[in-house]
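Here's the letter readout for the chains.
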Amino acid sequence: MLLSANASIEKAEKLVELGYDAIDVGLTGVIYHDDPLPHNPILDTEDYETVLDPHIAKCKELGLKILTTHIPYRFNYADPTIENYDYYYNMTVRALRASEYMGAEWTVVHVREAAETVAFVKRLVADAGVKHIGIAIENMVKYSISEVISAHDILEQEGYRVGVCLDTGHCHINKYFSYDVAEAIRVLGKRIKMLHVHDNTRNADSHFVPSMGSIKWKSVMHALADADYEGAFNFELQPGKIPAEAREEYEKFSVAMGRYLISVFEERMQENANK
């Protein structure tokens, strides 16, 4: 299993220095305007491919795989009457095209009610004209896992390349269903194609490194192995919240914890193979 992290593609060298194998390219900031969140200008121009090309080449040179991306989400995609909707949507279309251009296997769409999610994915894929990249539907705190399953299964039955992005932190604080994270994995099974790995203490979406919250991580890794999960171990952390003086040690700790949890997964896979 590869160790991956959500980050801007400009941070490729730093990820390799820390010991990561792959990157989940963050494109969520392309719709922000520095108030209060920083704008990511990487897709601002029509010829964004020329901006991406040197970064793609750098990742290839470094041996850092571009596996997944996260396209914009901080707007209600089911409500076209909201202010600046056309801009948000059109940049999301561009982000999906850019994701396929970079060679990513999956990109993330946040779940809403199943019918809204299905309609949005269909429109987005058609308008972007993508052919190869898959859409991974992420479980969210305010929506039950049944909405994820329903949206996924409808799209799959209609021939879309679709999967689930299991967000461990969202799952752990979700008040709309009673599963723990390991049980959610067992319920979702082979639908899971990618992960957003982080921890919390059930009262906030904290994005802690595993072991800093209350998720039972050994059970999670065993459940992933039992489900024959084939994707990367992908962190979605927030190291920027750590004081600069301690950030590098925090990031090194996260890599060490990721490698440990991967070893737990691989041991379980071997046990299963020997049965």
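Here, residues in each chain are numbered from 1, in the same order as that chain's written sequence. Given that this is a predicted model, residues contribute local features only at a pLDDT of at least 70 and side-chain atom pairs are listed and counted only at 80 or more, while totals for whole chains, interfaces and linings are drawn from all residues. Side-chain measures were taken over the full set of non-hydrogen atoms in the model, leaving aside hydrogen atoms and water.

So, the overall build of the protein chain
Here comes step 1: Tallying secondary structure elements over the protein chain gives nine helices and eight strands in all.
Here comes step 2: Taken over C-alpha atoms, the radius of gyration is set against a globule rule of 2.2 Å times the number of residues to the power 0.38. The C-alpha radius of gyration computed for the protein chain amounts to 18 Å, which stays within 12% of the reference 19 Å derived for 275 residues, consistent with globular compactness.
Here comes step 3: Along the longest, intermediate and shortest principal axes, the C-alpha atoms of the protein chain span 50 × 40 × 35 Å.
Here comes step 4: Classification of the 275 residues of the protein chain by burial places 51% in the buried group.
Here comes step 5: Should any heavy atoms of two residues lie within 4.5 Å, those residues are considered in contact. Of the contacts made within the protein chain by residues no fewer than 6 positions apart, 75% connect residues no fewer than 24 positions apart.
Here comes step 6: Accessible area for the protein chain stands at about 12900 Å²; split by element, carbon and sulfur atoms hold 49% of it.
Here comes step 7: Note on charges: Lys and Arg go in the positive column, Asp and Glu in the negative column, and His and the chain ends are not counted at all. We put the charge of a Lys on NZ, of an Arg on CZ, of an Asp on CG and of a Glu on CD. A distance of 4 Å separates the average location of the 28 positive side-chain charges in the protein chain from that of its 42 negative side-chain charges. The way it works is that DSSP assigns letters per residue, a run of H or I at least four long becomes a helix, a run of E at least two long becomes a strand, and they are numbered from the N terminus. Any residue under 20% of the maximum accessible area for its type is buried, any over 50% is exposed, and the rest in between are partly exposed; the area is computed with a 1.4 Å probe on protein chains only. Each accessible area is a Shrake-Rupley result for a 1.4 Å probe, and residues are judged covered by the shown protein chains and nothing else.

A look at helix α8 (residues 217-226)
Here comes step 1: With seven of ten residues buried, α8 lies mostly within the body of the structure.
Here comes step 2: Buried within α8 are the following residues: Trp217, Val220, Met221, His222, Ala223, Leu224 and Ala225.
Here comes step 3: The elements touched by buried residues of α8 are α6 (168-173), α7 (181-188), β7 (192-196), β8 (233-235) and α9 (244-274).
Here comes step 4: Remark: aspartate 228 follows α8 within two positions and exhibits a positive phi of approximately 55°.

Considerations on the nonpolar core
Here comes step 1: We define a nonpolar core as any set of buried Ala, Val, Leu, Ile, Met, Phe, Trp, Tyr and Cys residues linked to one another through side-chain atoms lying within 4.5 Å. In this structure, Leu43, Ile185 and Phe233 are the most contacted members of the largest nonpolar core, which totals 91 residues.
Here comes step 2: A total of eight residues in this core trace back to one element, the largest contributor, which is helix α3 (residues 85-101).

Considering the pattern of salt bridges
Here comes step 1: One side-chain nitrogen of Lys or Arg within 4 Å of one carboxyl oxygen of Asp or Glu is enough to make a salt bridge. Summed over the entire model, instances satisfying the criterion amount to eleven salt bridges.
Here comes step 2: A salt bridge links arginine 94 to glutamate 46, with the shortest nitrogen-to-oxygen separation between them at 3.0 Å. One end of the pair, arginine 94, is in helix α3; the other, glutamate 46, is in the loop between β2 (22-26) and α2 (48-62), with 48 residues separating them in the sequence.
Here comes step 3: For arginine 94, a relative accessible area of 13% corresponds to the buried category.
Here comes step 4: Across the pair lysine 252 and glutamate 248 runs a salt bridge, and its minimum N-O distance is 3.8 Å. Residue lysine 252 and its partner glutamate 248 are located together in helix α9, separated by four residues, close to a single helical turn.
Here comes step 5: Residue lysine 252 is classed as partly exposed on the basis of its relative accessible area of 40%.
Here comes step 6: A relative accessible area of 42% places glutamate 248 in the partly exposed class.

Topic: the sheet that holds β8
Here comes step 1: When DSSP finds two or more bridges between two strands, those strands count as paired. A sheet is described by the order of its strands in space; here eight strands give the open sequence β7-β6-β5-β4-β3-β2-β1-β8, paired in parallel fashion. Because the sheet does not close on itself, it has two edges, and the strands there are β7 and β8. Ignoring which end each strand starts from, the neighbouring axes of this sheet average 30° apart.
Here comes step 2: In the sheet, strand β1 (residues 3-7) pairs with β2 via four bridges, with the strands oriented parallel. Residue asparagine 6 lies in a different strand from β2, and its bridge partner there is aspartate 24. The convention used is that axes are lines fitted to C-alpha atoms, helices contributing only their stretch in contact, and that angles between N-to-C directions extend from 0 to 180 degrees.

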